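Coordinate inspection notes
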Amino acid sequence: MPDPVGKLPSELDQLPDRDTEETAEWAASLDAVTEHAGPHRAAYLMRRTLQHAGTAGVPVPELLESDYVNTIPTAAEPAFDGDLEMESRITAWNRWNAAAMVTRGARYGVGGHIATFASAAWLYETGFNHFFRGKEGDGSGDQLYIQGHASPGIYARAFLDGRLTETDLDHFRQESGGQGLPSYPHPRRLPWLWEFPTVSMGLGPLSAIYQARFNRYLTNRSIKDTSASHVWAFLGDGEMDEPESTAALALAARERLDNLTFVINCNLQRLDGPVRANFRVVQELEAQFRGAGWNVVKTLWGSAWDEVFALDTTGALVRRLRQVPDAQFQTYATRDVAYIREHFFGAEPALVELAKLLSDAKIAECFFTSRGGHEARKVYAAYRAALSHEGAPTVILAQTVKGYTLGAGFESRNANHQMKKLSGEQFRTMRDLLELPIPDAKLDESLVPYGHPGADSPEVRYLQERRAALGGPAPARRLHAVALPQPSEKPFQAVTKGSGKQSVATTMAFVRLMKDLMRDKETGKRWVPIVPDEARTFGMEALFPSAGIYSPLGQTYDPVDRDQIMYYKEAKDGQILNEGITEAGSMADFIAAATSYATHGETMIPFYIFYSMFGWQRTGDQMWQLADQMGKGFIVGATAGRTTLTGEGLQHADGHSHLIAATNPASLNYDPAFAYEIAVIVKEGLRRMYGEPVPGEDQDVFYYLTVYNEPMPQPAMPEGVEEGIIKGLYRFKEGTPAASDAPAIQLLASGTAIHWVLEAQELLAADWGVTADVWSATSWSELRRDAMEADEALLRGEEKVPYVTRALEGAPGPVLAVSDWMRQVPDQISQWVEQDYSSLGTDGFGLSDTREAARRHFGVDARSVVVAALAQLARRGEVKPALIAEARERYGL
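Residues numbered from 1 in each chain as written. Predicted model: local features only at pLDDT ≥ 70, side-chain atom pairs only at ≥ 80, totals over all residues. Heavy atoms only, no water.

Comments concerning the environment of A505
- Among the secondary structure elements, A505 is positioned in the loop between β6 (503–504) and α21 (506–517).
- Here the alpha-carbon distance between A505 and Y708, two residues 203 residues apart in the chain, equals 6.0 Å.
- Excluding its chain neighbours within four sequence positions, the residues that come into contact with A505 are Y708, N709, E710, P711, M712 and Q714. (Helix = DSSP H or I, 4+ residues; strand = E, 2+ residues; numbered from the N terminus. Contact = heavy atoms within 4.5 Å.)

A closer look at empty space enclosed by the protein
- Evaluation of the coordinates by the stated rule reveals nine cavities of 30 Å³ or more.
- Looking at the largest cavity, its volume works out to about 70 Å³.
- In terms of lining residues, the largest cavity is bounded by F132, R133, G134, K135, D142, L144, L193, E195, P473, A474, P475 and A476.
- When the residues that make up the lining of the largest cavity are grouped by side-chain class, the tally is seven nonpolar, one polar and four charged. (1 Å grid on protein atoms, 1.4 Å probe; cavity = no way out; pocket = protein on both sides within 12 Å on 5 of 7 lines; lining within 4 Å. Points joined across faces, edges and corners; volume = space filled by probe spheres on them. Nonpolar A, V, L, I, M, F, W, Y, C, P; charged D, E, K, R; others polar.)

Section: the packing of α21 against helix α27 (residues 675–690)
- Taken N-terminus to C-terminus, the directions of α21 and α27 make an angle of 40°; their axes are 9 Å apart at the nearest point. On the basis of the axis angle, α21 is oblique to α27. Crossing of α21 over α27 shows right-handed handedness. Counting all contacts with α21, which are made through T506, A509, F510, L513, M514 and L517, the residues of α27 involved are A675, I678, A679 and V682.
- Residues of the contact of α21 with α27, tallied by class, amount to nine nonpolar, one polar and no charged. (Axes fitted to C-alpha atoms, helices over the stretch in contact; angles between N-to-C directions. Parallel < 35°, antiparallel > 145°, perpendicular 65-115°, else oblique. Left-handed = near helix turned anticlockwise from the far one by under 90°.)

Let's talk about the layout of surface pockets
- The space that makes up the largest pocket amounts to roughly 1,800 Å³.
- Forming the boundary of the largest pocket are 43 residues, of which R47, Q51, S66, D67 and V69 lie nearest the centre.
- Per element, the largest residue contribution to the lining of the largest pocket is 10 residues, and it comes from helix α2 (residues 39–55).
- Taken together, the residues that form the lining of the largest pocket break down as 18 nonpolar, 13 polar and 12 charged.
- Considered as a void within the structure, the second largest pocket measures approximately 1,100 Å³ in volume.

Regarding the packing of helix α11 (residues 304–311) against helix α12 (residues 316–323)
- Following both chains from N to C, one finds α11 and α12 inclined at 120°, their axes separated by 8 Å at the closest point. In terms of their interaxial angle, α11 and α12 are classed as oblique. Each of W305, V308 and F309 in α11 lies in contact with α12, whose residues at this interface are L317, V318 and L321.
- Broken down by class, the residue content of the contact of α11 with α12 amounts to six nonpolar, no polar and no charged.

Re the nonpolar core
- Core analysis: the biggest nonpolar cluster contains 84 residues, and F634, V682 and L764 have the highest contact counts within it.
- Here the element with the most residues in this core is α27; it accounts for 10 residues.
- Contacts of V682, omitting those with residues within four sequence positions, involve F492, F510, L513, M514, L517, F634 and L705.
- The next biggest cluster of nonpolar side chains, apart from the first, holds 66 residues, and it includes I114, F131, W194 and I396. (Core = buried A, V, L, I, M, F, W, Y, C linked by side-chain atoms within 4.5 Å. Buried < 20%, exposed > 50% of the residue type's maximum accessible area, 1.4 Å probe, protein only.)

Some remarks on the environment of T842
- Structurally, the position occupied by T842 is in the loop between β20 (837–840) and α32 (851–858).
- Separated by 418 residues in the primary sequence, T842 and G424 place their C-alpha atoms 61 Å from one another.
- Leaving out residues up to four positions away in the same chain, T842 has contacts with R642, T643, G655, S819, D820, W821, M822, F858 and V860.

Here's the deal with the confidence of the model for the chain
- For the chain, the mean per-residue pLDDT works out to 93, and 98% of the residues sit at or above 70.
- Overall, residues 1–5 carries pLDDT values under 50, and its contacts beyond four positions in sequence, including any with other chains, amount to four contacts. (pLDDT = per-residue confidence, 0-100.)

Section: the sheet that holds strand β16 (residues 730–733)
- A sheet is described by the order of its strands in space; here five strands give the open sequence β16-β18-β17-β19-β20, paired in mixed fashion. Two strands bound the open sheet, and with one partner strand each, they are β16 and β20. Averaged over all adjacent pairs, the angle separating strand axes in this sheet is 30°, with direction ignored.
- Where β16 and strand β18 (residues 771–776) come together, three bridges link them in antiparallel fashion. Counterpart to K733 in the pairing with β18 is V774. (Pairing = 2+ DSSP bridges.)

What to know about the sheet that holds strand β3 (residues 260–266)
- Strand order in the open sheet formed by five strands is β1-β2-β3-β5-β4, and the pairing between neighbours is parallel. If you trace the sheet from one side to the other, it starts and ends with β1 (143–145) and β4 (295–299), each paired once. When strand polarity is set aside, the average angle formed by the axes of neighbouring strands in this sheet is 15°.
- Bridging between β4 and strand β5 (residues 394–399) involves five bridges; their strand directions are parallel. For V297, the partnering residue across the bridge sits in β5 and is I396.
- Lying over the sheet, helix α4 (residues 115–130) contacts β1, β2 (231–236), β3 and β5, oriented at roughly 150° with respect to β3.

Describing the pairing of β3
- Along β3, seven of the seven residues are buried, which leaves the element largely enclosed by surrounding structure.
- By the alternation rule, side chains of β3 split into L260, F262, I264 and C266 and T261, V263 and N265, which are all buried.
- Where β2 meets β3, six bridges bridge the pair, whose relative direction is parallel. Paired with V231 across the bridge in β3 is L260.
- Looking at chain direction, β3 and β5 are connected through six bridges and run parallel. Following the sheet pairing, F262 is matched in β5 by V395.

Re the pattern of salt bridges
- Under the defined criterion, the tally for this structure stands at 46 salt bridges.
- Residue E286 is joined to R290 by a salt bridge in which the shortest nitrogen-to-oxygen separation is 3.0 Å. In this pair, E286 and R290 are both assigned in helix α10 (residues 281–292), four residues apart and thus about one turn of the helix distant.
- Classification of R290 by relative accessible area gives partly exposed; the value is 21%.
- When salt bridges with common partners are traced through the structure, they connect R213, E255, E579 and D589 into a single cluster. (Salt bridge = Lys/Arg side-chain N within 4 Å of Asp/Glu carboxyl O.)

Points about α32
- Residues of α32 that are buried: R851, A854, R855 and F858. Each buried residue of α32 lies within a common arc of 95° when the element is viewed along its axis, so the set occupies one face. Turned more than 90 degrees away from the buried face of α32 sit E852 and H857, all of them exposed.
- Considering only its buried residues, α32 is in contact with α29 (753–768).
- Looking one or two residues past α32, G859 carries a phi angle of roughly 75°, positive in sign. (Arc of directions from axis to C-beta.)

Comments concerning the environment of E459
- Looking at the secondary structure, you find E459 in helix α19 (residues 458–469).
- With a relative accessible area of 10%, E459 lands in the buried category.
- If near-sequence neighbours (up to four positions away) are discounted, E459 is found in contact with M86, R89, I90, W93 and P453.

Digging into α4
- Here α4 contains 16 residues, and its C-alpha end-to-end distance of 24 Å stays within 8% of the 22 Å for a straight helix at 1.5 Å per residue.
- A121 marks the point of greatest bend in α4, at about 55°.
- For α4, the buried fraction is high: 16 of the 16 residues fall into the buried class. (Expected span 1.5 Å × (residues − 1). Bend = angle between axes of the 7 residues up to and from the residue.)

Focus on the side chain of R851
- Considering the arrangement of structural elements, one finds R851 in helix α32.
- With near-sequence residues (within four places) excluded, R851 lies in contact with T643, T644, T646, N709 and E710.

Some thoughts on the packing of aromatic side chains
- The full count for this structure, using the stated rule, is 47 aromatic pairs.
- With a centroid separation of 5.6 Å and an interplanar angle of 80°, the aromatic rings of F510 and F607 are classed as edge-to-face. Separated by 97 residues along the polypeptide, F510 in helix α21 and F607 in strand β11 (residues 605–611) bring together distant segments of the chain. Both residues of the pair, F510 and F607, belong to the buried class.
- Grouping aromatic residues by their ring pairs yields a cluster made of Y68, W301, W305, F309, F329, Y332, Y339, F344, F345 and F367.
- One cation-aromatic arrangement involves K632 over Y597; the distance from NZ or CZ to the ring centre is 4.4 Å. (Phe/Tyr/Trp six-rings, centres within 6.5 Å; stacked < 30°, edge-to-face > 60°. Lys NZ or Arg CZ within 6 Å of the ring centre and 35° of its normal.)

Pasting the structure below:
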């Protein structure tokens, strides 16, 4: 509790003070400074003392915030390694063409963003000219996560260096003809340029962290030396509000990822207005990143401020900068100098006196345009500091003006994110400011021209020479298409032969298959098992001692279970990525591994296993990112279904992930019933994704498998079912006719529902004289995909019958589809089934109970299937309607 004078207790109060007199002297000294020189001087001395202690190696905690000034003083900036005048001309051309491209596109109403690149131009140009390593040199080059709204500037640069034409620029956001440029970074739409899709804000920073980590993983496992690769993530200050943006900051610091730099464009504006209207986002971000263990470099003020800071002998200017909220600072940039003198410098007498020493022109320059992010020398110094820092990732907080160089109508305006074009007069003003040789005669009010100094101009030669020295063009995506050898048949045969009398869950069957595949001499090391802290739930602890859990530090402790066979083994070259409780982090891992074939020219085979409820539902946006980035691998929803996971209840009961997965064009979704089906699907997935390309077959896909924790006897694989397993449907067990005229029905089931349906098949025959064939529907969505392709073929005048139609052709009776999923999952195929079609499923919220009770609750247990089958037959007049009530009474429904 606080003492009588209100002094709160501190952890220091628990430590013995071996010299109270000395402590009192230090406190008295601080009191004296405060009394005679003021609290600001006392605070300055305390911070200086802490700084000196850190330099001297004294273990004291760092402050989370520093003054609102540049981290690197002008006098400490390194020499600029380039021709600043030449780079200014290059940047001017890129600014112009970015604005022209979006403005010209506005004729067609396709939109585009101008202000973001205008503010961030030097952040990119300095990197392209001096830092970003390309893919034509040694190693893999750097990985660049470009802020999505800045894409026009990247296209403008590609136009300047000859990689794009005017025609390309004129098809910005007009892709349907096959020659357009996607609005944002998108590897699937422009695969030779973009590596990483980033415009779903928040996913870029998260992915960048795990990409940097995966780079280290490849090195530590001796797969590829990625030590020369650096990951750069360009982000907006508003974007940092997304929870994913900061979700993994501690991981990056904990694993000392000094191969990673965040560059946050702090133009103080988000889409609708100020990022922190009443606060200061730069200071907030600094504290957040410092607290997480990052190295922070602030690049806030341009060189025009140097003179002003030199005149601040009292510290009043620095104090005032810490006080002014962001929204007010934005207002200064849009008002006249008289307003700034009154509202900024008028805050205290010392500032009034300082302002008397400044001309109106100097004040205007400082407050309207002079920001650290707009000066190549200051950006260069920040980047050099980031690359030279060891032991921690770096974040650069670069302050800019949103809409810089676009004119007074754009700069620092709340609405500038939504402003899509410049007028002819605004372009003339911009041309004069940038000193571009574009005559008035070419500035047509309705169609502003692109500008280019010429393919053999000094600017283009300089740009290309710089890129050649850094390893070629950037950004760029390069493919290294090397097919992996297919593993031996032995691991698959161990699964397809069945389990005999032993009951085995399909989750365990999958894990056993993976364990054997990871032993393959050719490809075993390329498997990347990923799990979000549920390995024991899925029976993966057997992999711990053999494969090891990846840790860049190895194992610095003696594990509590070291004397056990399956002990918790961490290793620097560990193969398993056990991510803790973060599905988002696990998916970011998966994406890095799934796209390593392009990023690093090293094909990896990731499989990510998780509670199925916490996959697509929680990280569906990242599943789309995976598809956008053309990733490959196996995503496994374990403990699947709405009734299989006993006891856990509503929040764990997944009855809909297959419905969500079906919306993703790159996801091949399977709900296998038996272990041998898993073996066939995995083998086919390895062939399709990693084998020799087959004309007309898309290799850029990934597989989603759902597996169950319900132990059941696993039958041996029947002959000739492989095609049906892959395509999505095959007849597993024919019914035995009770009589030649017995009514018949076709029962389709996926996953664990096959067992209820097999029981129902027996009951229908024994109790009601109905013949039922049982079909295993391994993939409802693949059946639908095939049928939709058949429909498209018909529109082209080609005759093609859907596989599901052909498979069921001539099968007697109606069709009843049953699964542990919502009815919408099997209903995906209903329109292509010629027989009468109905379905049963687990619609609604889950609940805690036994499997039997839960299935009875949802009406999908064997007896409910029997009643539904009789009802369907009764509607067709093939059995008496009275049988339905009789069956319900007999089975206690």
